[in-house]
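Summary of structural features
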Amino acid sequence: MSGVVPRRRGFSGLFACIVLGAAALAASAAHADTFDIQVDQAKIMKLPDRVATIVIGNPLIADAALQAGGILVITGKGYGSTNMLALDRSGRIIMDRTVTVLSPKGEGLVTVYKGTERESYSCSPECAPRITLGDTDKFFSSTMGASTARTGGAAGGAQASGSAPAAR
């Protein structure tokens with residue numbers, strides 16, 4: 001009777017190793033099908049041959065631009081996960097990947113909490129307000145307005161300020 005018990009333990013140990021091994025393989029396969037990127041950042045991906053169309057499940061989370069030579073530029077737009085499909089000319093799925101957009105990282109990123117309000121700053125080397133998803137609406141709007149005014153002024157010059165060009 002005591003000779004049967006060790007065989008059971010050996011069998012259950014072997015079974016546990018098989019189950020854990022299968023779980024590890026499944027986890028690594030699932031990780032291989034995930035593409036991680038930070039919000040407001042872009043990454044390059046080399047696509048398989050014959051890709052004709054790229055489809056992003058939720059364009060508020062990620063955006064993609066197909067370039068010549070099978071190069072794809074993926075940009076993180078908002079936090080979360082979405083799927084990305086690569087189709088050939090006949091509409092067959094060549095690739096199906098999950099794109100996960102993560103919060104920004106970096107030595108220069110500083111997040112300030114004032115009670116329930118949140119503000120983000122880029123501090124490299126001096127601190128300046130940064131437009132980051134999740135910041136308080138008032139801070140986000142004022143930072144966005146200042147950024148838009150600065151960008152519009154640089155792009156339009158005197159025309160953007162409403163003054164007429166000088167006569168020659």
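Everything discussed here concerns the structure shown above.
Residues numbered from 1 in each chain as written. Predicted model: local features only at pLDDT ≥ 70, side-chain atom pairs only at ≥ 80, totals over all residues. Heavy atoms only, no water.

Topic: the state of the cysteines
Put simply, the rule reads: In this description, the term disulfide denotes a pair of cysteine sulfurs within 2.5 Å. Relative accessibility decides the category of a residue: with a 1.4 Å probe and only protein chains considered, values under 20% of the type maximum give buried, values over 50% give exposed, and everything between is partly exposed.
The final tally for this structure, using the stated rule, is one disulfide. Paired by a disulfide, Cys123 and Cys127 hold their sulfur atoms 1.9 Å apart. Judged by the torsion about the S-S bond (115°), the Cys123/Cys127 disulfide is right-handed. Overall, the relative accessible area of 17% leaves Cys123 in the buried class. Relative accessible area serves as the criterion here: at 55%, Cys127 is assigned to the exposed category.

Examining the side chain of Glu119
Put simply, the rule reads: Strands here mean DSSP runs of E at least two residues long; helices mean DSSP runs of H or I at least four residues long; both are numbered from the N terminus. Pairs of N or O atoms within 3.5 Å make up the polar contacts considered here, provided that, within protein, one atom can donate a hydrogen while the other can accept it, and that residues adjacent in sequence are counted only when both atoms are side-chain atoms. Any pair of residues with heavy atoms lying within 4.5 Å of one another is described as a contacting pair.
In this structure, Glu119 sits in strand β9 (residues 117–123). Within the local environment of Glu119, its side chain forms a polar contact with the side chain of Tyr121, the two groups lying 2.6 Å apart. Contact partners of Glu119, with chain neighbours within four places excluded, come to Val110, Thr111, Val112, Lys114, Asp135 and Phe139.

Details of the sheet that holds strand β2 (residues 42–46)
Keep this limit in mind: The pairing criterion is simple: DSSP has to find at least two bridges between the two strands. Axis lines are fitted to C-alpha atoms, over the contacting stretch for helices. Their N-to-C directions set the angle, which ranges from 0 to 180 degrees.
Strands sit in the order β2-β5-β4 across an open sheet of three strands; the sheet is antiparallel. If you trace the sheet from one side to the other, it starts and ends with β2 and β4 (62–67), each paired once. Going across the sheet, the axis of each strand differs from the next one's by a mean of 25°, ignoring polarity. Relative to strand β5 (residues 71–76), β2 runs antiparallel, the two being bridged by five bridges. Looking at the pairing, Ile44 lines up with Val73 of β5.

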